[in-house]
Amino acid sequence: MTNRSAEQGVNPLREGLSTRAVPQPCAIVIFGATGDLTHRKLIPALYNLAADGELPPAVAVVGFARRPKTGDEFRNELGETTKQFSRQEVRDDIWKTFSQSLSYHQSEFEDESGYRSLVKRLDQLDEERGTRGNRLFYFAAAPEQFEPILKNLKAAGLSKAKEGSWARVIIEKPFGRDLASAQELNRVVSNSFSEDQTYRIDHFLGKETAQNILVLRFANAIFEPIWNARYIDHIQITAAETLGVEGRAGYYETAGALRDMVQNHLLQLLCLVAMEAPTDLSADSIRDEKVKVVRSLRRYRPEEITKWVVRSQYTVGAINAEPVPAYREEEKVNPNSETETYVALRLLLDTWRWSEVPIYLRVGKRLPKSATEISVHFKKAPMVLFNRDSAEHDQNVLVIRIQPDEGISLRMMAKIPGTSLRIEPVKMDFHYGTSFGKASPEAYERLLLDAMSGDATLFARRDEVEEAWGFIDTIESAWSNKDAPPLTYYPAGSWGPEEADELLARDGRTWRRL
Amino acid sequence: MFPLRFRHGIPFVAQASSLWGKQASRLRLVSTGVTPVCPTAEDGCTTPLGMTINCMPAPAETISLGLPVAIDRIDRGLKKLWSESEGAMTRASMINLAVYSEEPDSLTQNTQLLARIAENHACRGIVIGANPHSKNDRIEAWISAHCHVGRAGTKQVCSEQISFLLEGAKVKLLPSIVFSQLDSDLPLYLWWQSKFAEPMDPQLWSWIDRLIYDSQTWRDFNAQMRLVETAQREAKQRIVLCDLNWTRLVHFRVAFAQFFDHPSSHHHFREIESGTIVFGKNFRSTAILFIGWLAAQLGWEVRNGKNGDHIELENSTRNRVKIDLQENGDAPIGSFVAHSSDVKFEIALARCGDLLEVSRSKSDQSPARQLLPAGENDSVKLMSEELMRGGQRRVYLRALEKVRDLL
């Protein structure tokens with residue numbers, strides 16, 4: 001044991017029962033509790049954790065929002081939406097117990113008195129539900145509300161935990177819209193919360209397959225020796241979706257695909273694929289290695305942007321045989337909008353491992369199918385013996401499918417049965433859904449649990465975010481110049497503009513067929 | 001008789017029939033939701049708090065062993081099974097799961113269990129029904145596959161099963177039968193449902209990665225454990241011992257452990273003075289293992305209690321801890337209550353059996369209650385739990401050492 005474990009603050013009764021840090025009792029305060037994120041993701045995630053027995057008993061959830069509402073109304077609304085969006089069926093008995101932990105606190109975000117009464121409510125919850133002074137503040141409100149909320153939390157003394165307790169803040173993306181605004185946001189956050197109290201959520205990192213990238217690379221001896229420029233020809237990262245802006249036009253018009261997806265999700269995936277092995281599995285060891293990848297991204301010179309970055313917007317077309325309008329015809333979109341709904345980039349990392357290995361990223365809306373994946377294309381075997389008439393398909397390709405149909409496949413060459421020597425590519429395929437019957441938890445479940453446990457591994461650190469914006473800013477600023485390359489167009493339901501194909505064709509490569 | 005069995009719906013009737021011509025197919029329709037299955041079908045369930053939960057009756061199932069096949073044609077038979085199948089099917093396998101039983105009719109029962117286990121744990125199933133006392137020397141084999149629609153909902157995921165009936169002297173062929181049917185490179189888990197008997201075949205044990213058994217069924221715990229330990233010693237590799245009686249305790253252990261996750265509650269470890277554990281008929285050993293776990297993890301020593309209604313232990317500060325044992329009801333563990341100087345920790349099984357109600361209360365305060373999953377005392381659920389956990393069993397072995405004399 002045991003006694004020693006207890007002296008070190010470790011619960012000896014947990015030995016062998018759980019390999020993860022145990023979440024601690026706490027009060028979770030959700031700012032923007034009447035919004036979509038709370039209804040669709042956060043409360044269903046918390047309910048699922050409760051149903052699986054993962055949520056500590058002493059957890060209380062306080063919804064903080066402007067709309068007048070009673071606690072019962074709040075709980076009833078959440079009950080309805082949880083039934084709709086929960087990963088597993090909602091059981092009345094579990095919901096009844098879980099919903100007792102939900103309460104509503106009505107206040108304007110700018111109203112100091114609302115935070116003073118929040119203090120009293122949280123103290124009361126410490127007494128009644130045993131939340132032990134631990135506070136987790138979840139910012140599900142609009143980014144422009146962050147500053148008043150942070151200031152008022154600080155003024156009310158809520159950003160500083162009592163002795164033996166903790167206070168943490170979870171911030172949803174976007175973490176700014178460029179480097180300057182990200183730095184400003186970080187400055188504002190750091191006025192109230194220190195970096196180790198700050199959890200910047202990127203739900204891509206909560207996905208099982210994203211977490212599996214490090215396991216694949218560092219728990220298997222066969223990959224790491226060939227995971228470098230000597231054996232890898234290039235890497236492609238694709239995030240394709242069939243959806244359009246779906247009611248997010250207001251935000252999307254100010255962001256575009258580069259800010260919305262590349263700055264965060266795609267660069268995070270790139271970090272996991274390209275990082276060096278961390279010295280240990282602590283949050284900072286892993287994040288130290290990730291930030292080095294972003295730092296090593298070769299910055300484009302302004303004149304290179306036209307050549308290596310393609311921006312495009314969808315026009316009228318069809319998805320699954322259903323006609324869909326052009327982006328400019330979508331509701332709340334400026335009919336003359338120059339916002340990109342598709343981006344393709346060619347990146348280089350200036351490191352020993354990745355010297356001159358091109359990494360191609362593409363992200364787009366209204367593409368023929370929804371799929372997020374990383375494909376690692378290995379160099380061809382020498383063109384002697386079997387590969388004299390080598391075609392592009394002769395490359396070995398390792399594909400990590402992030403979503404949907406999570407899994408890993410490896411393409412290799414095999415002889416076709418028969419007396420003649422014909423060689424064709426074959427695929428070895430591993431599907432999570434086939435091999436493991438149990439469904440993975442939703443990304444938000446894992447991330448909420450991690451925040452309650454104090455494990456920041458899957459959250460973005462300040463320097464990662466700022467470095468990523470520094471890189472993105474060079475592209476955005478080139479696009480805002482008078483002599484910027486013109487926006488290109490692609491029909492909805494196609495795989496993007498011709499210019500994106502040319503981006504790879506110049507290097508003698510093509511996009512992987514999804 | 002049908003070698004491919006499908007789950008989750010009618011559309012597969014046609015495929016099963018077309019695959020095996022005129023052979024009749026009977027599909028098993030089983031609830032896949034979370035509605036609890038009632039202990040008796042007639043009514044709902046009640047938690048200790050009085051909440052009512054609606055239940056549904058468990059469906060009856062019938063199952064066959066599959067296609068009879070000659071021993072030397074098993075591989076060929078399996079290949080044929082796949083070559084003649086229609087539709088999108090994937091054969092999946094993460095482990096070799098061999099199940100051995102000497103009970104009459106165990107082949108059918110274990111096929112039924114394996115069909116359900118394979119839904120969450122794709123495996124190569126090797127089901128062995130043995131009758132070593134038979135005067136006839138006989139060996140028969142069948143092949144089949146358990147198919148269900150995967151999570152993605154488009155493809156059927158199938159696990160193969162090979163069944164053997166061994167009688168008389170043929171039972172001695174067990175190792176060679178198991179070895180010749182393994183899916184290569186995958187670990188071998190052996191679920192031994194019978195009593196262990198001498199001589200233990202070292203050739204068999206040397207191939208096993210995990211040995212699964214249920215000590216709850218043992219009449220002479222120490223004699224059985226000695227045989228298991230002998231086998232373990234003789235094996236050239238380390239066998240992980242997986243006792244389903246220990247697995248039964250997982251949810252109770254989690255429920256009790258969570259009271260002490262915050263370091264400020266650790267002083268209670270020294271202050272627990274007494275406890276009461278309620279166990280079901282034939283589950284005394286389960287209750288004693290629970291006490292063994294507390295003793296091992298909290299540094300307690302057993303002072304006396306063999307065959308009595310209570311066990312006396314001494315904690316690390318040499319204070320006495322008295323645990324009462326009460327037999328009541330059918331559930332393996334019905335409840336556990338522990339008292340420290342000023343706090344009562346309580347875990348009780350809800351009547352429907354799939355939830356635990358846990359509460360922590362001080363004498364001057366109303367208790368904070370919570371519901372947690374209870375797990376079920378059902379072979380499939382226990383095996384699923386066991387197969388999911390992996391890892392070594394150090395805590396089990398420590399717990400066992402503490403209470404070995406009481407079992």
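Keep in mind that this is a model prediction, so the values were computed, not measured.

## A closer look at the interface of chain A and chain B
A common way to state how big an interface is: give the accessible area lost once the parts meet. Listed by partner, the interface residues are 38 residues for chain A and 41 residues for chain B. Sorting the residues of the side of chain A that touches chain B by element identifies helix H1 (3-7), helix H4 (92-99) and helix H12 (432-435) of chain A as the ones contributing at least two each. Taken together, the residues of the side of chain A that touches chain B break down into 12 nonpolar, 15 polar and 11 charged.

## Some points on the sheet that holds strand E17 (residues 459-460) of chain A
All names here are of chain A. Strand order in this open sheet of 7 strands is E3-E2-E1-E4-E5-E6-E17, and the pairing throughout is mixed. The open sheet has two edge strands, strand E3 (102-106) and E17, and neither has a second partner. Examined bridge by bridge, strand E6 (residues 198-201) and E17 share 2 bridges and lie antiparallel to one another. Paired with Ile201 across the two strands is Phe459, which belongs to E17.

## Quick look at the packing of helix H2 (residues 36-51) of chain A against helix H13 (residues 443-453) of chain A
Residue and element names in this part refer to chain A. For the pair H2 and H13, the least separation of the axes is 9 Å and the interaxial angle reads 75 degrees. As the angle between them shows, H2 and H13 are arranged roughly perpendicular. Taken together, the residues of H13 that come into contact with H2 (itself represented by Lys41, Leu42, Ala45, Leu46, Asn48 and Leu49) are Tyr444, Glu445, Leu448 and Leu449. Considered class by class, the residues forming the contact of H2 with H13 number 7 nonpolar, 1 polar and 2 charged.

## So, the pairing of strand E16 (residues 320-327) of chain B
For a regular strand, the rule is simple: side chains alternate between the two faces of the sheet. Residues and elements named next belong to chain B. One ladder, built from 6 bridges, connects strand E13 (residues 274-279) with E16; its direction is parallel. Along E16, the bridge assignment pairs Phe279 with Glu327. Strand direction decides the pairing type here: strand E15 (residues 310-314) and E16, joined by 5 bridges, are antiparallel. Opposite Glu312, over in E16, you have Lys322 as the bridge partner. Following E15, the chain reverses through 5 residues before pairing antiparallel with E16; Arg318 in that reversal takes a positive phi of roughly 65 degrees.

## Section: the domain arrangement of chain A
Residue and element names in this part refer to chain A. Domain annotation for chain A reports domain 1 (3-172) and domain 2 (206-505). Here the C-alpha centre of domain 2 lies 33 Å away from the C-alpha centre of domain 1. Counting residues at the interface gives 18 residues for domain 1, matched by 12 residues for domain 2. Those elements that place two or more of their residues in the side of domain 1 that touches domain 2 are H2 and strand E5 (167-172). Of the residues forming the side of domain 1 that touches domain 2, the biggest block, 6 residues, is contributed by H2. The class makeup of the residues in the side of domain 1 that touches domain 2 is 11 nonpolar, 2 polar and 5 charged.

The rules behind the values
- Residues numbered from 1 in each chain as written.
- Chains lettered and ligands numbered in written order.
- Predicted model: local features only at pLDDT ≥ 70, side-chain atom pairs only at ≥ 80, totals over all residues.
- Contact = placed C-beta atoms within 7 Å.
- Helix = DSSP H or I, 4+ residues; strand = E, 2+ residues; numbered from the N terminus.
- Nonpolar A, V, L, I, M, F, W, Y, C, P; charged D, E, K, R; others polar.
- Pairing = 2+ DSSP bridges.
- Axes fitted to C-alpha atoms, helices over the stretch in contact; angles between N-to-C directions.
- Parallel < 35°, antiparallel > 145°, perpendicular 65-115°, else oblique.
- Domains from an automatic or database assignment.

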